[in-house]
Amino acid sequence: DFGIGILGTGKYLPGRILTNSDLEKMVDTSDEWIVRRTGMKKRHLLDENTPSYVMGAEAARLAIQDAGLTPMDIDLIIVSTEVPDYLSPSMACLIQREINAERAAAIDVNAACTGFVYAMTVAQQFIQTGYYRHVLIVANEGLSRIVDWEDRSTCVLFGDAAGAVVMGRVDKRFGIRKSYLAAFGNLGHNLTIPCCYIPEEERQKRRAGKERVIWQDGGEVFTFAVKAMAESVRAVIDKANITIDEVDLIVPHQANLRIISSAAKRLEIDEGKLSVILHETGNISSASIPVALDMESKSGRLKEGDTVVLVAFGGGLTCGSILLTW
Ligand code: ACO
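Residues numbered from 1 in each chain as written. Predicted model: local features only at pLDDT ≥ 70, side-chain atom pairs only at ≥ 80, totals over all residues. Heavy atoms only, no water.

> Break down empty space enclosed by the protein for me, citing the residues and quoting the values.
Within this structure, the stated rule accounts for 1 cavity of 30 Å³ or more. Of the voids in this model, the largest cavity is the one considered here, and its volume is about 50 Å³. Forming the boundary of the largest cavity are M229, V233, I250, P252, I260, A263, A264, L267, L274 and V311. Looking at the lining of the largest cavity, the elements that each hand over two or more residues are α8 (218-240), β11 (249-252) and α9 (257-267). Residues belonging to the lining of the largest cavity are distributed by class as follows: 10 nonpolar, no polar and no charged. (1 Å grid on protein atoms, 1.4 Å probe; cavity = no way out; pocket = protein on both sides within 12 Å on 5 of 7 lines; lining within 4 Å. Points joined across faces, edges and corners; volume = space filled by probe spheres on them. Helix = DSSP H or I, 4+ residues; strand = E, 2+ residues; numbered from the N terminus. Nonpolar A, V, L, I, M, F, W, Y, C, P; charged D, E, K, R; others polar.)

In structure tokens, the structure reads:
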């Protein structure tokens, strides 16, 4: 009889920093607009000559060390990414090689910004059945690679980062209690990043020569996001038969401070119970939850026994949540 939880966390934020005032020199925008509409102040960026998986490898090393394990203890690597360096080899294989986790199997999952919640739920199944003991999850998001730096409506939003956790067996009082995953493919056209096939309608939304950049209908995604976050939190709270007041910390995907605040209002939860890092990172897609977890646990805000909800929404469109005891 055991629980399934997080044994260690790690993160990597590249050293190059892009502030709102740097963006003012690149596009027609202002620090005031960005802060008021998004809450963001800066973001970290990879330099052009560095592959994105080096961020994930570094976050992975730190998470494995934090768990008191070595790379040879890892049975499976799951990478969540919507910006792989290659379609093949997978990011998971690149990271496996980089950290010498020679025993590990390796796969990528893509549920966009919800990817970390999906990956944790996949890992949970492998550990529950006894198939694997230690699963490394890396959320590796080099979003700067797919941003049109001349489009002010998107380029101010995104940053690069990786977050990692090691999952395994914990005492039965701790770990994942409930989870919820959902997909709304019928809404997928609201947030797209074309890759191997680019239909005419996708070309028309972008500048010539910029076919593979992120495009979104910000308003549609915003409306979906607030509803999806509130419903996803409710789903796991209801399944566990607890009240929102019993939750100590909510770690949401960080796309816009106004989305997080609106969802919190709908849930009637005190904003002081939210983990917010986007002023420092921008939107780092699926890396936002593991990076925030690493910051909150290392700062001591997240304590053993705390009731925590992880909640995300993103491209697909997708959403999901996990209720766990830390
Ligand atoms: N600086 C100044 N003005 C800007 C900027 C900018 N950077 N960007 C847009 N504007 C202008 C627009 O052109 C528009 O001008 P107009 O009224 O003259 O046409 C005005 O600001 C208002 O634009 P809106 O798009 O209505 O602004 P809004 O308040 O909705 O904010 C935003 C836009 C921040 C994109 C918001 O809609 C949002 O956060 N949406 C959700 C995004 C999201 O969560 N995406 C998930 C991505 S996750 C993933 O999968 C990677």
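Next comes the rest of the write-up.
> Go over the site of the ligand with me, naming the residues and quoting the values.
Taken together, 25 residues are adjacent to the ligand, and T29, R37, C113, Q216 and N256 come closest. Interatomic distance of 2.7 Å between a side-chain N/O atom of N256 and an oxygen atom of the ligand. Those elements giving two or more residues to the shell around the ligand turn out to be α2 (31-38), α6 (152-155), α8 and α9. Grouping the constituent residues of the shell around the ligand by class yields 11 nonpolar, 9 polar and 5 charged. (Near = heavy atom within 4 Å. Polar contact = N/O pair within 3.5 Å; in protein donor to acceptor, adjacent residues only side chain to side chain.)

> Account for the sheet that holds strand β13 (residues 318-325), with residues named and values stated.
Across the sheet, which stays open at both edges, the 4 strands sit in the order β8-β13-β12-β11 with mixed pairing between neighbours. Because the sheet does not close on itself, it has two edges, and the strands there are β8 (175-183) and β11. Strand-to-strand, the axes of this sheet are offset by a mean angle of 10°, without reference to chain direction. Of the pairings in the sheet, the one linking β11 to strand β12 (residues 307-314) comprises 4 bridges and is parallel in character. Within β12, the residue paired with I250 across the bridge is V309. Seen against the sheet, helix α5 (residues 115-129) touches β8, β12 and β13 and runs at an angle of roughly 125° to β8. (Pairing = 2+ DSSP bridges. Axes fitted to C-alpha atoms, helices over the stretch in contact; angles between N-to-C directions. Contact = heavy atoms within 4.5 Å.)

> Can you tell me about the domain arrangement of the protein chain, naming the residues and giving the values?
The assigned domain composition of the protein chain is domain 1 (3-172) and domain 2 (176-325). Just the C-alpha atoms count here: the centres of domain 1 and domain 2 sit 15 Å apart. Taken together, the contacts link 48 residues of domain 1 with 49 residues of domain 2. Linking domain 1 to domain 2 there are 4 salt bridges. Between K11 and D294 there is a salt bridge, with the nearest N and O atoms lying 3.1 Å from each other. (Domains from an automatic or database assignment. Salt bridge = Lys/Arg side-chain N within 4 Å of Asp/Glu carboxyl O.)

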